[in-house]
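# Observations on chain architecture
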Amino acid sequence: MRAVVMHEPGNVTVEETPMPTILEPTDAIIKLAATCICGSDLWPYRGMEPVHEQRMGHEYVGTVVEVGGAVTTVRPGDFVVGSFCISCGECSVCRAGYPSRCATAAAQGDPFVGTRAGGTQAEYARIALADGTLVKTPGTPTREQIPSLLAASDVLGTGWFAADEAGAGPGTTIVVVGDGAVGLGAIIGARQLGASRIIAMSRHADRQALAREFGATDIVEERGEEGIARIKELTGGLGADGVVEAVGNEVAFNQALGCVRPGGHLSFVGVPHGVSLDMSRMFLAEVHMFGGPAAVRKYLPTMINLIMSGTINPGAVFDMVLPLEQAAEGYAAMDERRATKVMLTV
(Lines give C-alpha, C1' and ligand atoms only; values in the text may rest on other atoms or scores of the structure.)
Protein backbone atom coordinates (compact mmCIF):
# COMPACT_ATOMS: atom_id res chain seq x y z
CA MET A 1 0.00 0.00 0.00
CA ARG A 2 1.01 3.64 -0.36
CA ALA A 3 2.02 5.64 2.71
CA VAL A 4 3.70 8.96 3.48
CA VAL A 5 7.24 8.75 4.85
CA MET A 6 9.29 11.64 6.24
CA HIS A 7 12.90 10.65 5.66
CA GLU A 8 14.36 13.76 7.28
CA PRO A 9 13.27 17.36 7.82
CA GLY A 10 11.77 18.75 4.62
CA ASN A 11 11.98 15.41 2.79
CA VAL A 12 8.57 13.76 2.35
CA THR A 13 7.75 11.03 -0.15
CA VAL A 14 5.02 8.46 -0.78
CA GLU A 15 6.36 4.91 -0.58
CA GLU A 16 5.10 1.37 -1.02
CA THR A 17 4.86 -0.15 2.46
CA PRO A 18 3.53 -3.44 3.86
CA MET A 19 -0.20 -3.78 4.52
CA PRO A 20 -1.15 -3.63 8.21
CA THR A 21 -2.37 -6.82 9.85
CA ILE A 22 -4.27 -7.70 13.02
CA LEU A 23 -1.68 -8.06 15.80
CA GLU A 24 -3.98 -8.07 18.85
CA PRO A 25 -7.59 -9.28 19.24
CA THR A 26 -8.57 -5.67 20.07
CA ASP A 27 -7.28 -4.32 16.72
CA ALA A 28 -9.19 -3.17 13.66
CA ILE A 29 -7.94 -2.52 10.13
CA ILE A 30 -9.51 0.38 8.28
CA LYS A 31 -9.36 1.45 4.65
CA LEU A 32 -8.98 5.20 4.77
CA ALA A 33 -11.34 7.45 2.86
CA ALA A 34 -9.27 10.54 3.64
CA THR A 35 -6.45 11.72 5.86
CA CYS A 36 -4.70 15.04 6.36
CA ILE A 37 -1.61 16.94 7.43
CA CYS A 38 -1.58 18.34 10.97
CA GLY A 39 0.14 21.47 12.17
CA SER A 40 2.06 19.25 14.59
CA ASP A 41 3.50 17.37 11.58
CA LEU A 42 5.32 20.58 10.71
CA TRP A 43 7.52 20.43 13.81
CA PRO A 44 9.62 17.49 12.49
CA TYR A 45 9.26 18.84 8.93
CA ARG A 46 10.96 22.05 10.08
CA GLY A 47 13.65 20.18 12.01
CA MET A 48 12.30 21.13 15.45
CA GLU A 49 11.71 17.47 16.39
CA PRO A 50 13.86 14.48 15.45
CA VAL A 51 12.64 12.48 12.48
CA HIS A 52 14.12 9.65 10.39
CA GLU A 53 12.26 7.38 7.99
CA GLN A 54 9.02 8.00 9.88
CA ARG A 55 5.54 7.04 8.70
CA MET A 56 3.36 10.10 9.12
CA GLY A 57 -0.21 10.93 10.07
CA HIS A 58 -2.66 10.52 12.95
CA GLU A 59 -5.99 11.84 11.58
CA TYR A 60 -8.27 9.41 9.79
CA VAL A 61 -11.71 8.32 8.69
CA GLY A 62 -12.62 5.25 6.73
CA THR A 63 -14.27 1.86 6.48
CA VAL A 64 -13.51 -1.10 8.71
CA VAL A 65 -12.25 -4.06 6.67
CA GLU A 66 -11.15 -6.47 9.42
CA VAL A 67 -11.44 -6.76 13.20
CA GLY A 68 -9.80 -8.86 15.89
CA GLY A 69 -11.75 -11.46 17.78
CA ALA A 70 -12.33 -9.26 20.84
CA VAL A 71 -13.76 -6.25 18.97
CA THR A 72 -17.50 -5.82 19.53
CA THR A 73 -18.52 -2.21 18.71
CA VAL A 74 -17.47 -2.02 15.06
CA ARG A 75 -17.48 -4.55 12.26
CA PRO A 76 -16.38 -4.78 8.63
CA GLY A 77 -18.34 -2.34 6.49
CA ASP A 78 -18.81 0.28 9.23
CA PHE A 79 -17.65 3.82 8.44
CA VAL A 80 -15.71 5.08 11.44
CA VAL A 81 -14.03 8.14 12.88
CA GLY A 82 -11.30 7.74 15.45
CA SER A 83 -9.35 9.88 17.85
CA PHE A 84 -5.64 10.51 17.31
CA CYS A 85 -5.14 8.99 20.78
CA ILE A 86 -5.78 5.32 21.54
CA SER A 87 -8.15 4.56 24.41
CA CYS A 88 -9.79 1.51 25.95
CA GLY A 89 -12.83 3.40 27.29
CA GLU A 90 -12.85 1.23 30.41
CA CYS A 91 -9.89 2.16 32.64
CA SER A 92 -10.31 4.67 35.47
CA VAL A 93 -8.63 7.43 33.45
CA CYS A 94 -10.96 6.93 30.47
CA ARG A 95 -14.00 6.81 32.74
CA ALA A 96 -12.86 10.06 34.37
CA GLY A 97 -13.09 11.76 30.96
CA TYR A 98 -9.47 11.73 29.83
CA PRO A 99 -9.19 8.99 27.20
CA SER A 100 -6.18 10.74 25.66
CA ARG A 101 -4.21 9.51 28.69
CA CYS A 102 -5.68 6.00 28.73
CA ALA A 103 -3.87 3.82 31.25
CA THR A 104 -4.31 0.69 29.11
CA ALA A 105 -2.82 2.33 26.02
CA ALA A 106 0.07 3.71 28.05
CA ALA A 107 0.76 0.27 29.54
CA GLN A 108 0.91 -1.16 26.01
CA GLY A 109 3.70 1.26 25.18
CA ASP A 110 2.24 4.20 23.26
CA PRO A 111 -1.07 6.07 23.47
CA PHE A 112 -0.86 7.73 20.05
CA VAL A 113 -2.40 6.40 16.86
CA GLY A 114 0.37 7.78 14.65
CA THR A 115 2.97 5.48 16.19
CA ARG A 116 0.81 2.41 16.75
CA ALA A 117 -0.86 2.62 13.33
CA GLY A 118 2.42 3.20 11.55
CA GLY A 119 0.95 6.51 10.39
CA THR A 120 -2.48 7.21 8.92
CA GLN A 121 -1.34 9.19 5.90
CA ALA A 122 -1.78 5.93 4.06
CA GLU A 123 -4.29 3.71 2.30
CA TYR A 124 -4.85 1.40 5.31
CA ALA A 125 -4.17 1.59 9.04
CA ARG A 126 -4.27 -0.68 12.07
CA ILE A 127 -6.12 0.91 14.99
CA ALA A 128 -5.39 -0.56 18.41
CA LEU A 129 -8.10 -0.82 21.11
CA ALA A 130 -10.71 -0.32 18.42
CA ASP A 131 -13.72 -0.54 20.74
CA GLY A 132 -12.55 2.44 22.78
CA THR A 133 -10.97 4.46 19.98
CA LEU A 134 -13.34 4.24 16.99
CA VAL A 135 -16.90 5.57 16.65
CA LYS A 136 -19.07 4.45 13.77
CA THR A 137 -21.21 6.98 11.97
CA PRO A 138 -25.01 6.61 11.75
CA GLY A 139 -25.00 5.43 8.16
CA THR A 140 -22.54 6.05 5.35
CA PRO A 141 -21.59 9.72 5.07
CA THR A 142 -21.80 11.65 1.84
CA ARG A 143 -18.65 12.76 0.09
CA GLU A 144 -19.36 16.30 1.32
CA GLN A 145 -19.47 15.14 4.95
CA ILE A 146 -16.13 13.33 4.92
CA PRO A 147 -13.93 16.46 5.37
CA SER A 148 -15.92 17.48 8.45
CA LEU A 149 -15.74 13.98 9.94
CA LEU A 150 -12.00 14.01 9.29
CA ALA A 151 -11.70 17.33 11.14
CA ALA A 152 -13.43 15.70 14.13
CA SER A 153 -10.58 13.18 14.37
CA ASP A 154 -8.23 15.85 15.68
CA VAL A 155 -8.51 19.58 14.98
CA LEU A 156 -12.21 20.00 15.73
CA GLY A 157 -12.00 17.59 18.67
CA THR A 158 -8.91 19.32 20.02
CA GLY A 159 -10.50 22.73 19.60
CA TRP A 160 -13.74 21.55 21.25
CA PHE A 161 -11.81 20.08 24.17
CA ALA A 162 -9.89 23.37 24.51
CA ALA A 163 -13.09 25.42 24.51
CA ASP A 164 -14.62 23.13 27.13
CA GLU A 165 -11.57 23.31 29.38
CA ALA A 166 -11.51 27.11 28.91
CA GLY A 167 -14.92 27.15 30.54
CA ALA A 168 -17.02 27.95 27.48
CA GLY A 169 -20.69 27.98 28.39
CA PRO A 170 -23.81 30.14 28.32
CA GLY A 171 -22.98 33.80 28.82
CA THR A 172 -19.19 33.40 28.78
CA THR A 173 -16.61 35.38 26.81
CA ILE A 174 -13.94 33.20 25.23
CA VAL A 175 -10.74 34.35 23.50
CA VAL A 176 -8.98 32.07 21.01
CA VAL A 177 -5.25 32.66 20.48
CA GLY A 178 -4.21 30.95 17.24
CA ASP A 179 -6.13 31.01 13.97
CA GLY A 180 -5.01 27.67 12.60
CA ALA A 181 -7.31 24.68 12.24
CA VAL A 182 -7.37 23.94 15.99
CA GLY A 183 -8.13 27.54 16.90
CA LEU A 184 -10.93 27.59 14.34
CA GLY A 185 -12.22 24.32 15.80
CA ALA A 186 -12.21 25.94 19.24
CA ILE A 187 -14.51 28.65 17.90
CA ILE A 188 -17.00 26.01 16.76
CA GLY A 189 -16.74 24.28 20.13
CA ALA A 190 -17.19 27.50 22.10
CA ARG A 191 -20.25 28.41 20.07
CA GLN A 192 -21.84 24.98 20.49
CA LEU A 193 -21.13 25.10 24.23
CA GLY A 194 -23.06 28.37 24.45
CA ALA A 195 -20.43 31.13 24.72
CA SER A 196 -22.09 34.47 24.04
CA ARG A 197 -18.92 36.24 22.90
CA ILE A 198 -16.03 34.63 21.05
CA ILE A 199 -12.99 36.75 20.23
CA ALA A 200 -10.62 35.39 17.59
CA MET A 201 -7.09 36.77 17.56
CA SER A 202 -6.13 36.67 13.89
CA ARG A 203 -4.27 38.73 11.31
CA HIS A 204 -5.21 36.70 8.24
CA ALA A 205 -8.26 37.84 6.27
CA ASP A 206 -9.19 34.36 5.01
CA ARG A 207 -9.00 32.87 8.50
CA GLN A 208 -10.90 35.81 9.96
CA ALA A 209 -13.73 35.14 7.51
CA LEU A 210 -13.82 31.48 8.49
CA ALA A 211 -13.69 32.40 12.18
CA ARG A 212 -16.79 34.57 11.75
CA GLU A 213 -18.52 31.80 9.80
CA PHE A 214 -17.81 29.41 12.68
CA GLY A 215 -19.13 31.79 15.33
CA ALA A 216 -16.56 34.45 16.25
CA THR A 217 -18.23 37.69 17.31
CA ASP A 218 -15.05 39.82 17.36
CA ILE A 219 -11.66 39.84 15.65
CA VAL A 220 -8.53 41.25 17.29
CA GLU A 221 -5.47 41.71 15.08
CA GLU A 222 -3.12 43.19 17.68
CA ARG A 223 -0.42 41.00 19.22
CA GLY A 224 1.61 40.97 22.42
CA GLU A 225 0.89 43.70 24.97
CA GLU A 226 -1.23 45.56 22.41
CA GLY A 227 -3.34 42.47 21.92
CA ILE A 228 -3.77 42.00 25.66
CA ALA A 229 -4.75 45.66 26.05
CA ARG A 230 -7.34 45.31 23.28
CA ILE A 231 -8.88 42.25 24.96
CA LYS A 232 -9.02 44.11 28.27
CA GLU A 233 -10.71 47.01 26.48
CA LEU A 234 -13.35 44.65 25.05
CA THR A 235 -13.99 43.00 28.41
CA GLY A 236 -14.44 45.94 30.74
CA GLY A 237 -10.80 45.94 31.81
CA LEU A 238 -10.91 42.48 33.41
CA GLY A 239 -10.05 40.00 30.67
CA ALA A 240 -12.00 37.08 29.26
CA ASP A 241 -13.73 34.33 31.21
CA GLY A 242 -11.71 31.78 29.29
CA VAL A 243 -8.84 31.71 26.79
CA VAL A 244 -7.73 28.97 24.42
CA GLU A 245 -4.03 28.84 23.51
CA ALA A 246 -3.80 26.86 20.27
CA VAL A 247 -0.27 27.61 19.06
CA GLY A 248 2.32 26.17 21.44
CA ASN A 249 5.02 28.85 21.59
CA GLU A 250 5.92 31.21 24.41
CA VAL A 251 4.65 34.35 22.70
CA ALA A 252 1.19 32.83 22.26
CA PHE A 253 1.12 31.45 25.79
CA ASN A 254 2.09 34.76 27.37
CA GLN A 255 -0.53 36.55 25.30
CA ALA A 256 -3.17 34.02 26.32
CA LEU A 257 -2.28 34.32 30.00
CA GLY A 258 -2.52 38.10 29.80
CA CYS A 259 -6.03 37.90 28.38
CA VAL A 260 -7.61 35.83 31.19
CA ARG A 261 -9.46 37.54 34.04
CA PRO A 262 -8.61 36.57 37.62
CA GLY A 263 -10.44 33.34 38.38
CA GLY A 264 -10.85 32.59 34.67
CA HIS A 265 -9.71 29.54 32.72
CA LEU A 266 -6.76 29.07 30.37
CA SER A 267 -6.55 25.91 28.25
CA PHE A 268 -3.48 25.10 26.19
CA VAL A 269 -3.54 22.53 23.42
CA GLY A 270 -0.77 23.72 21.11
CA VAL A 271 2.13 21.25 21.34
CA PRO A 272 4.61 23.32 23.40
CA HIS A 273 7.98 24.28 21.95
CA GLY A 274 10.27 26.56 23.91
CA VAL A 275 7.67 27.53 26.51
CA SER A 276 8.77 28.28 30.06
CA LEU A 277 6.57 29.44 32.92
CA ASP A 278 7.21 32.43 35.17
CA MET A 279 5.77 31.04 38.40
CA SER A 280 5.64 34.45 40.04
CA ARG A 281 3.43 35.64 37.23
CA MET A 282 1.36 32.47 37.43
CA PHE A 283 0.92 32.97 41.17
CA LEU A 284 -0.37 36.52 40.75
CA ALA A 285 -2.55 35.70 37.73
CA GLU A 286 -4.71 33.34 39.81
CA VAL A 287 -6.25 31.50 36.87
CA HIS A 288 -7.34 27.91 36.30
CA MET A 289 -5.04 26.17 33.81
CA PHE A 290 -5.43 22.91 31.99
CA GLY A 291 -3.91 21.47 28.84
CA GLY A 292 -2.43 18.50 27.06
CA PRO A 293 -3.37 16.00 24.35
CA ALA A 294 -7.07 16.49 23.70
CA ALA A 295 -9.65 13.99 24.91
CA VAL A 296 -11.15 13.83 21.41
CA ARG A 297 -12.84 10.44 21.90
CA LYS A 298 -14.98 11.96 24.67
CA TYR A 299 -16.55 14.40 22.20
CA LEU A 300 -16.72 12.27 19.04
CA PRO A 301 -20.35 11.09 19.34
CA THR A 302 -21.60 14.66 19.80
CA MET A 303 -19.46 16.04 16.98
CA ILE A 304 -20.42 13.25 14.58
CA ASN A 305 -24.13 13.82 15.19
CA LEU A 306 -23.79 17.57 14.61
CA ILE A 307 -21.86 16.96 11.39
CA MET A 308 -24.23 14.31 10.05
CA SER A 309 -27.22 16.58 10.77
CA GLY A 310 -25.58 19.49 8.95
CA THR A 311 -25.46 21.66 12.08
CA ILE A 312 -21.71 22.32 11.82
CA ASN A 313 -19.29 22.25 8.90
CA PRO A 314 -15.75 22.05 10.32
CA GLY A 315 -14.52 20.61 7.02
CA ALA A 316 -14.33 24.18 5.75
CA VAL A 317 -10.90 24.39 7.43
CA PHE A 318 -9.51 22.34 4.56
CA ASP A 319 -8.50 24.97 2.03
CA MET A 320 -6.37 22.60 -0.04
CA VAL A 321 -7.24 19.07 -1.17
CA LEU A 322 -4.61 16.87 -2.80
CA PRO A 323 -4.28 13.18 -3.64
CA LEU A 324 -2.07 11.18 -1.28
CA GLU A 325 0.66 11.08 -3.93
CA GLN A 326 1.08 14.85 -3.65
CA ALA A 327 1.63 14.87 0.12
CA ALA A 328 4.98 16.64 -0.28
CA GLU A 329 3.23 19.61 -1.87
CA GLY A 330 0.73 19.64 0.99
CA TYR A 331 3.51 19.80 3.57
CA ALA A 332 5.21 22.62 1.69
CA ALA A 333 1.95 24.56 1.38
CA MET A 334 1.26 24.39 5.10
CA ASP A 335 4.88 25.16 5.99
CA GLU A 336 4.78 28.25 3.76
CA ARG A 337 1.32 29.23 5.08
CA ARG A 338 -0.23 28.87 1.65
CA ALA A 339 -2.77 26.54 3.23
CA THR A 340 -4.40 26.38 6.65
CA LYS A 341 -5.12 22.64 6.51
CA VAL A 342 -4.49 20.11 3.73
CA MET A 343 -6.71 17.08 3.18
CA LEU A 344 -5.23 14.08 1.37
CA THR A 345 -7.64 11.92 -0.60
CA VAL A 346 -6.94 8.21 -0.68
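Residues numbered from 1 in each chain as written. Predicted model: local features only at pLDDT ≥ 70, side-chain atom pairs only at ≥ 80, totals over all residues. Heavy atoms only, no water.

Read across the open sheet, the 3 strands follow the order E2-E1-E4; overall the sheet is antiparallel. Single-partner strands in this sheet number two, and they are strand E2 (11–16) and strand E4 (54–55). Sheet topology note: the strand E1 (residues 2–8)/E2 ladder contains 6 bridges and is antiparallel. Counterpart to Glu 8 in the pairing with E2 is Asn 11. (Pairing = 2+ DSSP bridges. Helix = DSSP H or I, 4+ residues; strand = E, 2+ residues; numbered from the N terminus.)

A full pass over the atoms with the stated rule returns 11 salt bridges. Between Glu 123 and Arg 2 there is a salt bridge, with the nearest N and O atoms lying 3.0 Å from each other. With Glu 123 in the loop between helix H4 (113–116) and strand E7 (124–127) and Arg 2 in strand E1, this residue pair connects regions lying 121 residues apart in the sequence. We note that Glu 123, like Arg 2, is buried. The shortest N-O distance in the salt bridge between Asp 218 and Arg 197 comes to 2.9 Å. (Salt bridge = Lys/Arg side-chain N within 4 Å of Asp/Glu carboxyl O. Buried < 20%, exposed > 50% of the residue type's maximum accessible area, 1.4 Å probe, protein only.)

We now examine the environment of Thr 133. Summarising the element assignment, Thr 133 is placed in helix H5 (residues 130–133). Using a relative accessible area of 0% as the deciding quantity, one classes Thr 133 as buried. The sequence separation of Thr 133 and Gly 82 amounts to 51 residues, and the corresponding C-alpha distance is 5.6 Å. Once residues lying within four places of it in the same chain are set aside, the contact partners of Thr 133 are Tyr 60, Val 81, Gly 82, Ser 83, Cys 85, Ile 86, Ser 87, Ile 127, Ala 128, Arg 297 and Leu 300. From its side chain, Thr 133 meets the backbone nitrogen of Ser 87 in a polar contact 3.0 Å long. (Contact = heavy atoms within 4.5 Å. Polar contact = N/O pair within 3.5 Å; in protein donor to acceptor, adjacent residues only side chain to side chain.)

Under the criterion given, the structure shown has 0 disulfides. Note on Cys 85: no disulfide assigned, nearest cysteine sulfur contributed by Cys 102 at a separation of 9.7 Å. Residue class for Cys 85 comes out buried when judged on its relative accessible area of 2%. Counting only cysteine sulfurs, Cys 94 is the nearest neighbor of Cys 91, a cysteine outside any disulfide, at a range of 3.6 Å. (Disulfide = S-S within 2.5 Å.)

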